[in-house]
Amino acid sequence: MRRLFAALLAAFGLVSARRYETLSRSLDGLKAAAAEWKKKASEAEAQQRSMQAELSRHSQLVVKLRGSVEKWKEYHVDVKKLRDRLADTERELMVARDHLMAIEVKLDILEGAANVLDKRTRSSVPKDRHESGARA
Amino acid sequence: MVTPPVVSLVLTGRNDGYGGDFNARFFRSLRFNHQQFTERGIAYELVFVEWAPPGNARLIRDQVFDAIPELDAAACSWYVVDPRYQELLSLNPRLEYLEFPAKNVGVRRARGRFVLTSNCDVYFGRRIFEVLAEGTLEPRVLYRAPRHDLTLPAERPPIDWSVLEDPGNLAGPAHVLKRPYMGSATGDFVLLDRESFHEIGGFNEVYRVARIGIDRNVLVKALSSGLRIADIGGPVYHENHEGSYRLNPTAYAGRETEAPWGDRRWHSGGVSYVNPPTWGLSDAPVREIGERVWYLDFSWAAMPPLVDLQRIVLPVARPGSPAPGLYVRKR
């Protein structure tokens, strides 16, 4: 009997009040779920935008770091060159010092010879021959 | 053919009262050393160079056999050097004694297979006599010995091992030889085979501006010539006396050029030398004036040039050998 009644209502496009209540609740639930998903989609979009911005920032950082790495590589090469030059300079300094020592020793000899020759000259030449004797 | 002695002991001095009582100190040490050589049967020759002796004093040669009668005149070679060599060789009027050109006179004429140059107030330690007696000395090795300075009691007891080896007589901490030069108090002990001594041409006689440091300089020359330097393993003992450089090495600090031993800051550790072929006054006319006593007359032909700068050279750095000395600012 109930089925017959429901079929009759359906023929006129109608439903029972109970059925109406059930469907109405389902509709509300679906609306809420849709709103929830919409919110989530919106959040995801925002997150995507944020990540894109982050990605862009990291990309710039990578470019910057690549530049720095190149600079460090050049710096490392420069440091190695400087170290080599320093070693060369140290060697040259050592050689220069060796020569300086030899020169100073030779100067000592020359100075000594000059002193003894001066002394001998003074003692061999009579004083009164070259001194005027004029009184100051 | 006469067998050469094992070792020639080359000493130099003159009767001028150096250090207060030069002759007494010399006779004490010579007596002791001679006794040790003799007791161990070591054939040695004493080569003594009386360098520029004062004209108003007796030669040491004329006193030594009275002071030490046991000394064998036949085992001694005495060279008396005309004072004009001192006067004309010196490049520093304050240097009263050209110790190393004097020693070269002895080294050049020594006959021993090994030549030991030392000083007149040095007593050789046990180890030195042991090594000489064992005959284990190697050629091309310059042997060094550390010096122990002694302050002996005023009453001057007879010198024996108990006196020399008494730590209570040490004037200070015993010296330790340091590689590579082992250069402390080198003038007191340089022992080298005769052939090598001739190869290096003796001590530097091109640089006649200082006496100090010439002994160290021979070590640079030796290393540069490919010789090895080794510690003989025991000390020599030195009797302290007035006027000794060792007692007050900084006495002339700030006025180094006035020092009677020359300026100690010269680069003795950094340069080498090539002595002229006439080193040791080899061309000096010699005449015999007594039993094994020779007088070296003055001759310009025996004199090296006053200045011969090309003979000052840089030492050769050899693989495995130490580098030449570090530069020390002098002026």
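Data block above holds the structure.
What counts and what doesn't
- Residues numbered from 1 in each chain as written.
- Chains lettered and ligands numbered in written order.
- Predicted model: local features only at pLDDT ≥ 70, side-chain atom pairs only at ≥ 80, totals over all residues.
- Heavy atoms only, no water.
- Phe/Tyr/Trp six-rings, centres within 6.5 Å; stacked < 30°, edge-to-face > 60°.
- Helix = DSSP H or I, 4+ residues; strand = E, 2+ residues; numbered from the N terminus.
- Buried < 20%, exposed > 50% of the residue type's maximum accessible area, 1.4 Å probe, protein only.
- Lys NZ or Arg CZ within 6 Å of the ring centre and 35° of its normal.
- Contact = heavy atoms within 4.5 Å.
- Buried area = accessible area lost by both parts, 1.4 Å probe.
- Polar contact = N/O pair within 3.5 Å; in protein donor to acceptor, adjacent residues only side chain to side chain.
- Nonpolar A, V, L, I, M, F, W, Y, C, P; charged D, E, K, R; others polar.

Colleague: Can you walk me through the packing of aromatic side chains in this structure?
Modeller: One pair of aromatic rings is described through two measures. These are the centre distance and the angle between the planes. All names here are of chain B. Scanning the model with the defined rule gives 20 aromatic pairs over all chains in all. The interplanar angle of 25° and the centroid separation of 6.2 Å between the aromatic rings of F22 and F26 together place this pair among those described as stacked. One end of the pair, F22, and the other, F26, are both in helix α1 (residues 22-39), four residues apart, so they sit about a helical turn from each other. Summarising the aromatic geometry, the rings of F129 and W161 are spaced 6.5 Å apart at their centres and angled 75° between planes, so their arrangement reads as edge-to-face. Residue F129 is located in helix α5 (residues 126-134), and its partner W161 is located in helix α6 (residues 161-164); the two are separated by 32 residues in the primary sequence. A residue is classified by how much of its surface remains accessible, and F129, at 0% relative accessible area, is buried. The class for W161 is buried, based on a relative accessible area of 13%. An aromatic cluster is built from F32, F37, Y44, Y123, F124, F129, W161 and F189, whose rings are joined through pairwise contacts. Against the face of Y181 rests R216, its NZ or CZ located 4.9 Å from the ring centre. Over the face of the ring belonging to Y273 we find K221, whose NZ or CZ atom lies 5.2 Å from the ring centre.

Colleague: Sorry, what's going on with the interface of chain A and chain B here?
Modeller: Note on interface size: it is often stated as the accessible area lost on association of the parts. In this complex, chain A contributes 20 residues to the contact, which on the side of chain B involves 23 residues. Across the chain A to chain B interface the summed buried area is about 2000 Å²; carbon plus sulfur atoms make up 72%. Where chain A touches chain B, the interface holds four residue pairs in polar contact (both at pLDDT 80 or more). Counted by class, the side of chain A that touches chain B contains 10 nonpolar, two polar and eight charged residues.

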